[in-house]
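Below, each chain spelled out in residue letters.
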Amino acid sequence: MNAGLIGAIVATYFIGAIPTSYLVVRAAKGIDLRTTGSGNLGATNAFRQVGWPLAIAIGLFDVLKGVIPVVLIAPRVGLGSVGSVLLGTVAVIGHVFSVFVGFKGGKGVATGGGVVLGLAPWAWVIAVATWAVITRLTGFVSLGSIVGALLLPVAVWFLHPAARPALPLIIALCVAIVWFHRANIKRLLNGTESRFGRRGQPVPLVPS
């Protein structure tokens, strides 16, 4: 492994590890998002504290954390589609296990989506549209994220033949995202999952 590739991996991890929602909510409200609501450092939990404009900005930045390694860093170190997804996965790991906030983080949906956006943009559009429809119809962001992740590899296969060599890695990434939602799945099955749009004052951490 050459120095350039090692540097790319390290840089990608730290890009992914930037705790966007934590920093924004801390600056705007003085609240530690890790101990509020679901405790998740993602845009959905942030929305409940700071509203739409900042939550959208958080989500877009988290997407960019996945796009940057694939589009800007991977080509500089000579990585193809498979290597790009592997490098992007490092950003997802950084997002989920951020060194800056005690190895906590979000669930990797936005950053994982950014990896796919950089490699297979039309498949990303299909996944996001699916997420939006499911979330709108049911009110469950987690369910939309899970269904979008499961549909993504199918969309990549049909819409991006050139990206098919990286499909096993994309499937693994999608499975990991579903795994990170295992507590949400349990709450969905138990009928205790929160619906999107409930914003208010900080509440105790929801047990997972």
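So, a few notes on the structure that sits alongside this text. (Residues numbered from 1 in each chain as written. Predicted model: local features only at pLDDT ≥ 70, side-chain atom pairs only at ≥ 80, totals over all residues. Heavy atoms only, no water.)

This structure, assessed with the given rule, holds one cavity of 30 Å³ or more. Taken as a whole, the largest cavity spans an internal volume of roughly 60 Å³. Lining of the largest cavity is provided by 15 residues; of these, Ile18, Pro19, Thr20, Leu41 and His95 occupy positions nearest its centre. Among the elements of the structure, α2 (20-29) and α4 (52-73) are those that each provide at least two residues to the lining of the largest cavity. Split into classes, the residues belonging to the lining of the largest cavity amount to five nonpolar, seven polar and three charged. (1 Å grid on protein atoms, 1.4 Å probe; cavity = no way out; pocket = protein on both sides within 12 Å on 5 of 7 lines; lining within 4 Å. Points joined across faces, edges and corners; volume = space filled by probe spheres on them. Helix = DSSP H or I, 4+ residues; strand = E, 2+ residues; numbered from the N terminus. Nonpolar A, V, L, I, M, F, W, Y, C, P; charged D, E, K, R; others polar.)

The subject of this paragraph is the nonpolar core. With 22 residues, the main nonpolar core has Ala123, Leu152, Val156 and Ile170 as its most contacted residues. The set of elements that each furnish at least two residues to this core consists of α5 (81-96), α6 (109-119), α7 (121-138), α8 (141-159) and α9 (167-180). Ranked by residues supplied to this core, first place goes to α9 with six residues. Apart from residues no more than four positions distant in its own chain, Ala123 is found in contact with Leu152, Ala155, Val156, Leu159 and His160. Ranked by size, the runner-up nonpolar core spans nine residues in total, among them Val25, Ile31, Leu33 and Ala46. (Core = buried A, V, L, I, M, F, W, Y, C linked by side-chain atoms within 4.5 Å. Buried < 20%, exposed > 50% of the residue type's maximum accessible area, 1.4 Å probe, protein only. Contact = heavy atoms within 4.5 Å.)

The phi dihedral of Phe103 falls on the positive side, at around 60°, and the residue is not glycine. Relative to the helices and strands, Phe103 is located in the loop between α5 and α6.

Quick look at the packing of aromatic side chains now. Summed over all chains, the structure comprises four aromatic pairs. Centre to centre, the rings of Phe47 and Trp52 are 5.1 Å apart; their planes meet at 55°, and the pair counts as tilted. For the pair Phe97 and Phe180, a centre-to-centre distance of 6.2 Å together with 80° between the ring planes defines the contact as edge-to-face. With Phe97 in the loop between α5 and α6 and Phe180 in helix α9, this residue pair connects regions lying 83 residues apart in the sequence. When its relative accessible area of 39% is taken as the criterion, Phe97 is described as partly exposed. Classification of Phe180 as partly exposed rests on a relative accessible area of 22%. These aromatic residues form a ring-pair network of at least three members: Tyr13, Phe14 and Phe100. In this structure, Arg164 is placed above the aromatic ring of Trp157, and the distance from its NZ or CZ to the ring centre is 3.9 Å. (Phe/Tyr/Trp six-rings, centres within 6.5 Å; stacked < 30°, edge-to-face > 60°. Lys NZ or Arg CZ within 6 Å of the ring centre and 35° of its normal.)

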